Amino acid sequence: MNHAPFALPRLTALIKQAVPRLLEGVVAPLVVFYAALAVLGLRGALMAAVSWVYLGVLWRIIRRQPVPGTMIMATIAITFRTVIGLWTGSPVLYFIQPELGTICISMVLLASVRMRRPLVQRLTLDYIHLPSFVLRHERVRTFFARITLLWAFVLLANSAMSIWLLLHESIGDYLIIRTAAVAVVTGLAFVASIWAFRRVLRRLHTEVPALTR
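Residues numbered from 1 in each chain as written. Predicted model: local features only at pLDDT ≥ 70, side-chain atom pairs only at ≥ 80, totals over all residues. Heavy atoms only, no water.

Engineer: I would appreciate a short explanation of the overall build of the protein chain in the present structure.
Structural biologist: Within the protein chain, the regular secondary structure consists of seven helices and zero strands. N-terminal to C-terminal, the α/β element order of the protein chain is α-α-α-α-α-α-α. In the protein chain, buried positions account for 34% of the 213 residues. The contacts in the protein chain between residues at least 6 apart in sequence include a share of 70% that link residues at least 24 apart. Just so you have it, the protein chain exposes about 13300 Å², and 69% of that area is on carbon and sulfur atoms. (Helix = DSSP H or I, 4+ residues; strand = E, 2+ residues; numbered from the N terminus. Buried < 20%, exposed > 50% of the residue type's maximum accessible area, 1.4 Å probe, protein only. Contact = heavy atoms within 4.5 Å. Areas by Shrake-Rupley, 256 points an atom, 1.4 Å probe, with all protein chains shown as cover.)

Below, the structure is given as structure tokens:
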């Protein structure tokens with residue numbers, strides 16, 4: 001059976017989709033927290049960070065835009081973290097919670113590979129449509145298994161580094177160093193993932209002419 005040609009969207013298009021989410025979900029909350037920490041102290045910073053997330057949800061509701069499931073989960077998570085942070089007054093407990101959660105996610109990724117159901121494949125399908133005939137190909141299945149392993153170890157490395165910084169550096173230094181290091185590691189892993197997938201697709205077009213007819 002012949003299939004219509006298929007290619008991954010351009011890297012620039014994927015970056016344009018990712019940058020606004022990165023700014024809203026990662027950079028802006030960090031800036032808000034750090035600015036509030038310097039002016040209002042820890043409790044003020046906690047309240048400012050959780051307020052930013054709630055304002056993001058409220059803004060989408062007012063504009064009648066769908067609220068992504070990931071944003072709802074993030075809102076629940078930061079609410080829980082803020083309650084713990086305000087209750088204990090410990091910035092370490094506030095920041096270590098998502099790192100422990102990230103370690104759990106990395107374990108889930110490893111388990112999904114073991115079960116031959118790589119989780120990265122399911123997450124990818126939430127953002128990019130891939131035809132069923134592409135997903136069934138052995139090269140693609142191998143790619144998703146390997147890329148899931150990659151992201152499992154990336155998350156583990158980021159969390160281990162973050163926890164070490166949190167326990168050995170000041171909160172201000174932790175925020176700056178951790179954010180920069182995680183951005184570099186994650187960015188490199190993202191670019192490597194896209195490059196590897198394009199390479200897999202090019203091989204599919206070469207090995208299976210039916211994919212391009």
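Engineer: Would you mind showing me how to read the packing of helix H3 (residues 91–114) against helix H6 (residues 138–168) here?
Structural biologist: Between two packed helices, the angle of one axis relative to the other and the distance separating the axes together describe the packing. Closest axis-to-axis distance for the H3/H6 pair is 9 Å, and the angle between their directions is 160°. By the angle between their directions, the pair H3 and H6 is classed as roughly antiparallel. Between H3 and H6 the crossing geometry is left-handed. Residue composition of the contact of H3 with H6, by class: 20 nonpolar, seven polar and one charged. (Axes fitted to C-alpha atoms, helices over the stretch in contact; angles between N-to-C directions. Parallel < 35°, antiparallel > 145°, perpendicular 65-115°, else oblique. Left-handed = near helix turned anticlockwise from the far one by under 90°. Nonpolar A, V, L, I, M, F, W, Y, C, P; charged D, E, K, R; others polar.)

Engineer: Before we go on, may I ask you to explain the nonpolar core in this structure?
Structural biologist: A general trend in soluble globular proteins is that nonpolar side chains are found buried together. Phe33, Ile78, Tyr94, Phe95, Leu166, Tyr174 and Leu175 are the most contacted members of the largest nonpolar core, which has 18 residues in total. At the level of elements, helix H1 (11–62), H3, H6 and helix H7 (171–207) are the ones that each hand at least two residues to this core. When residues of this core are assigned to their parent elements, the largest contribution, eight residues, is made by H1. In this structure tyrosine 174 touches Phe95, Glu99, Ser162, Leu165, Leu166, Glu169 and Thr179, once residues within four positions along its chain are discounted. (Core = buried A, V, L, I, M, F, W, Y, C linked by side-chain atoms within 4.5 Å.)

Engineer: Whenever I open this one, the pattern of salt bridges confuses me. Can you help?
Structural biologist: Opposite charge on two side chains makes pairing possible when the charged atoms of those side chains draw close. The full count for this structure, using the stated rule, is one salt bridge. Between arginine 178 and glutamate 99 there is a salt bridge; the shortest N-O distance is 2.9 Å. Residue arginine 178 is located in helix H7, and its partner glutamate 99 is located in helix H3; the two are separated by 79 residues in the primary sequence. Overall, arginine 178 belongs to the partly exposed group, its relative accessible area being 25%. (Salt bridge = Lys/Arg side-chain N within 4 Å of Asp/Glu carboxyl O.)

Engineer: Is there a simple way to think about a nonpolar patch on the surface in this case?
Structural biologist: On the surface, Leu55, Leu58, Ile61 and Ile62 cluster together into a nonpolar patch covering about 410 Å² of accessible area. By the element assignment, isoleucine 61 lies in helix H1. Owing to a relative accessible area of 51%, isoleucine 61 belongs among the exposed residues under this scheme. (Patch = residues over 30% accessible without salt bridge, like charges linked within 9 Å, V, L, I, M, F, W, Y side chains within 5 Å.)

Engineer: Honestly, unusual backbone geometry in this entry has me stumped. Any pointers?
Structural biologist: Across the chain, the bulk of peptide bonds are trans and the bulk of non-glycine residues have phi less than zero. The phi torsion at arginine 116 lies on the positive side, around 65°, for a residue other than glycine. Its location among the elements puts arginine 116 in the loop between H3 and helix H4 (119–125).

Engineer: How should the confidence of the model for the protein chain be read in this particular structure?
Structural biologist: Atom-level detail of predicted coordinates should not be read off regions where pLDDT is low. In the predicted model, the protein chain carries a mean pLDDT of 78, and 76% of its residues have values of at least 70. Mean pLDDT across the secondary structure elements of the protein chain bottoms out at helix H5 (residues 132–135), with 68, and peaks at H6, with 90. (pLDDT = per-residue confidence, 0-100.)

Engineer: Teacher, can you tell me more about the packing of aromatic side chains here?
Structural biologist: Geometry of an aromatic ring pair is reported as the spacing of the ring centres plus the angle between the planes. Within the structure shown, the criterion is met by five aromatic pairs. Between phenylalanine 144 and phenylalanine 197, the ring centres sit 5.8 Å apart and the planes meet at 55°, which makes this aromatic pair tilted. A residue pair is termed long-range when its members are at least 10 positions apart, and phenylalanine 144 in helix H6 and phenylalanine 197 in helix H7 qualify at 53 residues. Members of the aromatic cluster, connected to one another through ring pairs, are Tyr94, Phe95 and Tyr174. (Phe/Tyr/Trp six-rings, centres within 6.5 Å; stacked < 30°, edge-to-face > 60°.)

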